[in-house]
Amino acid sequence: MRLLAQREEVCGVGRQLRLDRLVIGTSGNVSVRVDDLVAITPSGVDYAALTAEDVLVVDLAGTVVEGDRAPSSELPMHLAVYAATDARAIVHTHALFATTVGTAVEELPAVHYAINDLGGPVRVAAYATFGSQELASAVVAALHERTGALMRNHGAITVGATLASAYERAVKLEWLSELYWRAMQLGAPSLLSAEQLEAVREQARRKAYRA
Ligand SMILES: [Zn+2]
């Protein structure tokens, strides 16, 4: 079986998405790219029952190379992100707070310096019908120089060099969205400036150098 390790990794993250309540039912999707192949979750299979055999392998044009099921309906979005960026893994969720915030703002602002891991304030991709090329293009635009984006009235997407890092960012984006939502209940939260975020990056570099 091709990309067996990656297909098993996709299953593991799928189960974790359910446990962490970042998706409900069969919503959301996960993929990993290796060279010119992509392992991606199938359409309409509950993550609790997902096996490596259910995970599809497709080429960068979207042709199924291995697997009997239909690939995720968001395959065009995954392929567009791989074509436009150097991402090697993608996690798409319908996480509650990220989806909530994505209905109300143009971007998730810097309420906490952890947002640096997503590249800075997180844009909201314009709404388009799920599975459409239009949605894929909107998400690619929102991901410019970012590793995460919210998707208007839909959900969230994060990318990484590994599936573990894309998943960690999915959890972080949901945490930041909940933090923002909670802070908004108190009034207008203070936000970090671009200079303050740059100082955090500089500090991280210094600490890494010392370590
Ligand atoms: Zn979705």
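Small disclaimer: the values here were computed from a predicted structure and weren't measured.

### Some remarks on the coordination of the zinc ion
Then comes step 1: Distances from the zinc ion to its protein donors, His 92 (NE2), His 94 (NE2) and His 154 (NE2), fall within 2.1 Å.
Then comes step 2: We note that the donor set of the zinc ion lies within a single chain, spaced as H-x1-H-x59-H. Here His 92, found in strand S5 (residues 89-93), pairs with His 154, found in the loop between strand S8 (148-151) and strand S9 (155-160); they are 62 residues apart in sequence, far enough to count as distant. For the pair His 92 and His 154, a shared accessibility class is recorded, and that class is buried.

### Some thoughts on the packing of aromatic side chains
Then comes step 1: Using the criterion set out here, one finds one aromatic pair in the structure.
Then comes step 2: Ring centres of Phe 97 and Trp 181 lie 5.5 Å apart, and the angle between their planes is 65°; on these two criteria the pair is classed as edge-to-face. Taken together, the positions of Phe 97 in helix H3 (residues 96-101) and Trp 181 in helix H5 (residues 163-185) put the pair 84 residues apart, joining distant regions of the chain.
Then comes step 3: For Phe 97, a relative accessible area of 17% corresponds to the buried category.

### Thoughts on unusual backbone geometry
Then comes step 1: Even without glycine at this site, Glu 145 takes up a positive phi of about 55°.
Then comes step 2: Along the polypeptide, Glu 145 turns up in the loop between helix H4 (133-142) and S8.
Then comes step 3: The phi dihedral of Asn 153 falls on the positive side, at around 55°, and the residue is not glycine.
Then comes step 4: Along the chain, Asn 153 falls in the loop between S8 and S9.

### As for the sheet that holds S8
Then comes step 1: Spatially, nine strands are ordered S4-S3-S2-S1-S5-S9-S8-S7-S6 in an open sheet, and the strand pairing comes out mixed. Of all strands in the sheet, those with a lone pairing partner are strand S4 (64-66) and strand S6 (107-108), marking the two edges.
Then comes step 2: Alignment of S8 against S9, held across four bridges, turns out to be antiparallel. In the sheet register, Met 151 faces S9, and the bridge partner there is Gly 155.

### Comments concerning the packing of helix H2 (residues 75-84) against H4
Then comes step 1: It is the contact of H2 with H4, at a shortest axis distance of 8 Å, that shows an interaxial angle of 40°. H4 is crossed by H2, and the crossing has right-handed handedness. Between H2 and H4, the residues in contact are Pro 76, Met 77, Ala 80, Val 81 and Ala 84 and Gln 133, Ala 136, Val 139 and Val 140, respectively.

### As for the pairing of strand S1 (residues 29-34)
Then comes step 1: Buried residues dominate S1, accounting for five of its six residues.
Then comes step 2: Judged from the four bridges that link them, S1 and S5 form a sheet pairing that is antiparallel. Its bridge partner lying in S5, Val 32 is registered against Ala 89.
Then comes step 3: Where S1 meets strand S2 (residues 37-40), four bridges bridge the pair, whose relative direction is antiparallel. Among the inter-strand pairings, Arg 33 is bridged to a residue of S2, identified as Val 38.
Then comes step 4: Taken together, S1 and the strand that follows it, S2, pair antiparallel across an intervening segment of two residues, in which Asp 35 is found at a positive phi of about 55°.

### Observations regarding the nonpolar core
Then comes step 1: Core analysis: the biggest nonpolar cluster contains 40 residues, and Leu 17, Leu 108, Leu 150 and Leu 163 have the highest contact counts within it.
Then comes step 2: Broken down by secondary-structure element, the contributors of at least two residues to this core are helix H1 (4-19), S1, S2, S5, H3, strand S7 (122-125) and H5.
Then comes step 3: By residue number, the principal contributor to this core is H5, which donates seven residues.
Then comes step 4: Each residue touching Leu 17, except ones within four places of it in the same chain, is listed here: Leu 22, Val 23, Val 30, Val 91, Thr 93 and Tyr 167.
Then comes step 5: Counting residues in each nonpolar core, the second largest holds 24 residues, with Ile 90, Ala 128, Ala 142 and Ala 149 among its members.

Rules and cut-offs
Residues numbered from 1 in each chain as written. Predicted model: local features only at pLDDT ≥ 70, side-chain atom pairs only at ≥ 80, totals over all residues. Heavy atoms only, no water. Donors = N, O, S within 2.8 Å, 3.2 Å for Na, K, Ca; no water. Helix = DSSP H or I, 4+ residues; strand = E, 2+ residues; numbered from the N terminus. Buried < 20%, exposed > 50% of the residue type's maximum accessible area, 1.4 Å probe, protein only. Phe/Tyr/Trp six-rings, centres within 6.5 Å; stacked < 30°, edge-to-face > 60°. Pairing = 2+ DSSP bridges. Axes fitted to C-alpha atoms, helices over the stretch in contact; angles between N-to-C directions. Left-handed = near helix turned anticlockwise from the far one by under 90°. Contact = heavy atoms within 4.5 Å. Core = buried A, V, L, I, M, F, W, Y, C linked by side-chain atoms within 4.5 Å.

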